[in-house]
Amino acid sequence: MNVIVCLKQVPDTETQIKIAPDGKSIVTDDIKWVMNPYDEYGVEEALRLKEKFGGEVTVVSLGPKRVTESIRTALAMGADKGILISDDALEGSDSLATAKALAAAIKDLDYDLIFTGQRGVDDDMGVVGASLAEFLDVPQFSVIVKVEVAEDGKSVKAHRPVEGQVLVVESSLPALITTQKGLNEPRYATLPGIMKAKKKPFEEKTLADLGLDPAKVGEGGRKVKILELTPPPKRGEGKIIEGETPQEKAAELAKLLHEEAKVF
Amino acid sequence: MDIRLNEDQIEIARQARRFCENESPMEYVRAMFEDERGFTDDVWRKMVDMGWTALRIPEAYGGLDMDLMDLAVILEEMGRAMVPGPFFSNVLLAAEAVMEAGTEPQKERYLSRIATGETIGTLALHESDGGADPGYVQMGARPVGNGFVLNGTKLFVPDAHVADFLVCAARTESGEDPAEGITLFLVDPKAEGVSVSLLPTMDGTRKLCAVEFKDADVSADGVLGEPNKGWKPLSRVLRRAQVGLCAECIGGAQRAMEIATEYAKVRVQFDQPIGTFQAVKHRCAQIYVEVESARSILYWAAWAQDHGDIEEAALAASVAKAYCSEVYRNATASAIQVLGGTGFSWEHDIHLYLKRAQANEVALGDPAYHREQVAQLIAG
């Protein structure tokens, strides 16, 4: 079973994000970049399928050269090959252009399943997975917490939480799955894994290699324009509930929740 | 000399950071501080699975045969998270002692099992006067038949309460040169005549024990390496362990610096963050200067153990141990000053770092001892 994992590099969630002077982007200096956590679930699930069925895991990513670090992490975890789509013209691409470039890199590969994170934790769009499935013309399952590939390796059942219940859907392969927290616990890369990673095949592809028109990607090709970025509103100060007895305090708390916070 | 981290080491550090944050959060550190055993099998197994216990072991015994620099990268992260447990005593003391002094059958017996996490060892070196020189090894081992009988007490033995074997340094001959006449023994801590007790110590994240020997028999094959020639290999082990300890110190000092500076940025007094006040910002800057300087010394010392000659390795280890351990203590003490009253509370984690810093400062030779070593090496 050959599995492809699409991987995005994002700022570490502990990084303090600052808005750049243009008001439309973030300051990227001093950012610690990591693999999108949802994509890590994809890498882990792909590795588990490889361990069960055999085959290869290929990691495909898009972005500047620094993304190589995250691909290397996936290779150290056990993935077999890495592909980085890197081209200056891709700078500022929206989700649709990203999906188009990923599709161009993936379409000629031999695959049974594709994993993408259900969204990137940086811009929270959640569009790439669905768009990629559309461009590749394969079925797609979103926000999946359990993957069951049939013993014959020809179909997959995917579990999706819906309003406290679970929706189980089945499809033939190939298919695309977007991963949700709870799917698995991603493994750590072992020391032997790290040592082997640098010897694994790694390819860089440009837009020209993929036959894509630079005018249709990047800032100029955006269908979605970012008009403005604003920081979230500052959290108000906490309030200490006064009162002589627990009963008084509870009554005051209930009153504030009702009248000020309006939670009921 | 190239002391930049290579791509593999950067990835090792990244994985170690992730592992330590996930598997050894401060809740775990605090629980193990109070716990008599001091670590859980689950966390230990995960470290073993990542290959950490096999890192320095030669490939012939199932290890990865990697450099001390690679291990230093992991130890820095372990020190940052104050990961409790017998990793240091097992990997940097016991395994290195067997690698340095052991015969082929001894290496085969112990190293592969250390690599797979099946066995844990430690080093019993210090005695009641606690010094790190060979002259302080006074506990006697008397030849009886083909073997020896050990009598005396070893103190501050890390993790002996969970060890499957001890490497014990004992005096088998006395002469003019205190470095001569020391023999290393492989001892089963559960054997007759050997008793292990936990010492009440300040740093609960690293357990220290007293090991008492009362007519404890050790057979001839329990002599690690050559009789009477134990100090030379042991001194090489100690040098590497000192550098390993420095890596822990830098990780801890880095964390103390982060704690201090993060607090200085958000704690407001007189309508300003306290980090804008000279007395506070200068203190934060001083911690930064010291930590960065100490890290450079650490990497030099680790490089020197892997690639330098004997003189440079010895010099760098003592320079590093004298400086890095002081920097760690200074960083934690300064962080407590920046934190003010909060820094004195049990709930804040900084006191755990201060305790580890103070324990590390005196372990394997205090700064005064190592300055003396440096003086001897540079000035004769």
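Look a little higher up for the structure.
Residues numbered from 1 in each chain as written. Chains lettered and ligands numbered in written order. Predicted model: local features only at pLDDT ≥ 70, side-chain atom pairs only at ≥ 80, totals over all residues. Heavy atoms only, no water.

1. Quick word on the pattern of salt bridges
Now for step 1: Per the stated rule, a full pass over the model turns up 43 salt bridges over all chains.
Now for step 2: Salt-bridge contacts for Glu44(A) lead to Arg48(A); the nearest nitrogen and oxygen are separated by 2.7 Å. Here Glu44(A) pairs with Arg48(A), and both are found in helix H1 (residues 37-53), just four residues apart, close to one helical turn.
Now for step 3: Ionic pairing is found between Arg80(B) and Glu258(B), a salt bridge with its closest N-O pair at 2.4 Å. Taken together, the positions of Arg80(B) in helix H4 (residues 68-81) and Glu258(B) in helix H7 (residues 231-266) put the pair 178 residues apart, joining distant regions of the chain. We note that Arg80(B), like Glu258(B), is buried.
Now for step 4: If you follow the salt bridges from partner to partner, you end up with Arg56(B), Glu96(B), Glu100(B), Arg236(B) and Arg240(B) in one network. (Salt bridge = Lys/Arg side-chain N within 4 Å of Asp/Glu carboxyl O. Helix = DSSP H or I, 4+ residues; strand = E, 2+ residues; numbered from the N terminus. Buried < 20%, exposed > 50% of the residue type's maximum accessible area, 1.4 Å probe, protein only.)

2. Let's talk about the sheet that holds strand S9 (residues 155-162) of chain A
Residue and element names in this part refer to chain A.
Now for step 1: Pairing within the open sheet is antiparallel, and its three strands lie in the order S8-S9-S10. Each edge of the open sheet is held by one strand with a lone partner, namely strand S8 (146-149) and strand S10 (165-172). Geometrically, the sheet is characterised by an average inter-axis angle of 20 degrees between neighbouring strands, direction not taken into account.
Now for step 2: For S9 and S10, the ladder comprises eight bridges, and the chain directions are antiparallel. Across the sheet, the residue bridging to Val-162 is Gln-165, located in S10. (Pairing = 2+ DSSP bridges. Axes fitted to C-alpha atoms, helices over the stretch in contact; angles between N-to-C directions.)

3. What to know about the nonpolar core
Now for step 1: Leu113(A), Phe115(A), Met47(B), Trp52(B), Met78(B), Phe87(B) and Leu234(B) are the most contacted members of the largest nonpolar core, which has 147 residues in total.
Now for step 2: The dominant element in this core, judged by the number of residues it contributes, is H7(B), at 18 residues.
Now for step 3: Each residue touching Phe115(A), except ones within four places of it in the same chain, is listed here: Val3(A), Ile4(A), Val5(A), Cys6(A), Gly42(A), Glu45(A), Ala46(A), Leu49(A), Val147(A), Ile177(A) and Thr179(A).
Now for step 4: Membership of the second largest hydrophobic core comes to 25 residues, among which are Ala104(A), Ile114(A), Leu132(A) and Ala133(A). (Core = buried A, V, L, I, M, F, W, Y, C linked by side-chain atoms within 4.5 Å. Contact = heavy atoms within 4.5 Å.)

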